[in-house]
Amino acid sequence: QVQLVESGGGSVQAGGSLRLSCVASGRTYSSDTMGWFRQPPGKEREFVAAFSGSGHTYYADSVKGRFTCSRDKNTVYLQMNSLKPEDTAVFYCAARLMGGSYATESRYAYWGQGTQVIVSS
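A. Examining the overall build of the protein more closely. The secondary structure content of the protein amounts to zero helices and eleven strands. Overall, the protein shows an N-to-C arrangement of helices and strands of β-β-β-β-β-β-β-β-β-β-β. For 121 residues, the compact-globule estimate of 2.2 N^0.38 gives 14 Å, and the C-alpha radius of gyration of the protein, at 13 Å, lies within 12% of that figure. Overall, the C-alpha framework of the protein stretches about 40 × 25 × 25 Å when taken along its three principal axes. The buried share among the 121 residues of the protein stands at 42%.

B. Structural view of the environment of Gln3. Residue position: Gln3 is located in strand β1 (residues 2-7). Taking the C-alpha atoms as reference points, Gln3 and Ser62, 59 residues apart in sequence, are found 28 Å from one another.

C. Focus on the nonpolar core. Counting residues in each nonpolar core, the largest one holds 32 residues, and the members touching the most others are Leu4, Trp36, Leu78, Met80 and Phe91. Apart from the residues within four sequence positions on either side, Leu78 is in contact with Leu18, Arg19, Leu20, Trp36, Val48, Ala49, Phe67, Thr68, Cys69 and Phe91.

D. Structural detail: the pairing of strand β4 (residues 34-39). Across the six residues that make up β4, a large majority, five, are buried. Both β4 and strand β5 (residues 46-51) contribute to a ladder of five bridges, which runs antiparallel. When the bridges of β5 are listed, Phe37 appears paired with Phe47. Where β4 hands over to β5, the hairpin turn is made up of six residues, of which Gly42 adopts a positive phi near 75 degrees. Pairing of β4 with strand β9 (residues 89-97) involves six bridges; the strand directions are antiparallel. Residue pairing across strands places Met34 opposite Ala95, the latter belonging to β9.

E. Main features of the pattern of salt bridges. Enumeration over the complete set of coordinates arrives at six salt bridges. The partner of Arg38 in a salt bridge is Asp87, and the shortest N-O contact between them spans 2.9 Å. On the criterion of sequence distance, the pair formed by Arg38 in strand β4 and Asp87 in the loop between β8 (75-80) and β9 is long-range, its members being 49 residues apart. A single burial state applies to Arg38 and to Asp87, both of which are buried. Put simply, Asp87 and Arg66 hold a salt bridge, and the shortest N to O gap is 2.7 Å. Linking Asp87 in the loop between β8 and β9 with Arg66 in the loop between β6 (57-59) and β7 (67-72), this pair joins segments that are 21 residues apart in sequence. Both residues of the pair, Asp87 and Arg66, belong to the buried class. Three or more residues joined by partner-sharing salt bridges are found here, namely Arg38, Glu46, Arg66 and Asp87.

F. How the structure looks around the sheet that holds β8. The strand order across the open sheet built from four strands is β1-β3-β8-β7, with neighbouring strands paired in antiparallel fashion. The open sheet has two edge strands, β1 and β7, and neither has a second partner. Put simply, the sheet's adjacent strands are angled 15 degrees from each other on average, direction ignored. Bridging between β1 and strand β3 (residues 18-26) involves six bridges; their strand directions are antiparallel.

Criteria and cut-off values
Each chain has its residues counted from 1, running along the sequence as written. At least 70 in pLDDT is required for a residue's local features to be given in this predicted model, at least 80 for side-chain atom pairs to be given and counted, and no such filter applies to totals for whole chains, interfaces and linings, which use all residues. Hydrogens and water molecules were not included; the side-chain quantities draw on all heavy atoms of the structure. Secondary structure elements are taken from DSSP: a helix is a run of H or I of four residues or more, a strand is a run of E of two residues or more, and numbering for both begins at the N terminus. The globule rule used here is 2.2 Å times the number of residues to the 0.38 power, and the radius of gyration it is set against is calculated over C-alpha atoms. Burial status follows relative accessibility: with a 1.4 Å probe on protein chains alone, a residue under 20% of its type maximum counts as buried, one over 50% as exposed, and anything between as partly exposed. Among the buried residues, those of types Ala, Val, Leu, Ile, Met, Phe, Trp, Tyr and Cys that are joined through side-chain atoms within 4.5 Å form a nonpolar core. Two residues form a contact once any of their heavy atoms are found within 4.5 Å. Strand pairing requires that DSSP identify at least two bridges connecting the strands. What counts as a salt bridge is simple: a side-chain nitrogen of Lys or Arg found within 4 Å of a carboxyl oxygen of Asp or Glu. Lines fitted to C-alpha atoms define the axes, with helix axes restricted to the stretch in contact, and inter-axis angles between N-to-C directions lie between 0 and 180 degrees.

The following block contains the structure:
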């Protein structure tokens, strides 16, 4: 089992920055891909970014150039700059890609509880 705990969410004005953290505990492996997804109000959950076990990073087009995903041992970070109101969402951390695309939420074995990000205009 793997437990994931996100932190770092909050309210910020457009153009501001936040850094989300996700700490993984339990039976974790450096080879695990870890991802970030978000669910905007009234919408489906969507892929944001992923950090693979081999150190590659992947981003949704909507956040490229603004968000940076990094990892330090069992913690994965999402640095979010130039935030926009449309970035408002609950952000979730996911771990252990069970094959398939890093952008497919159903392929991840473990999920955190989520952290709220609100960006005001």
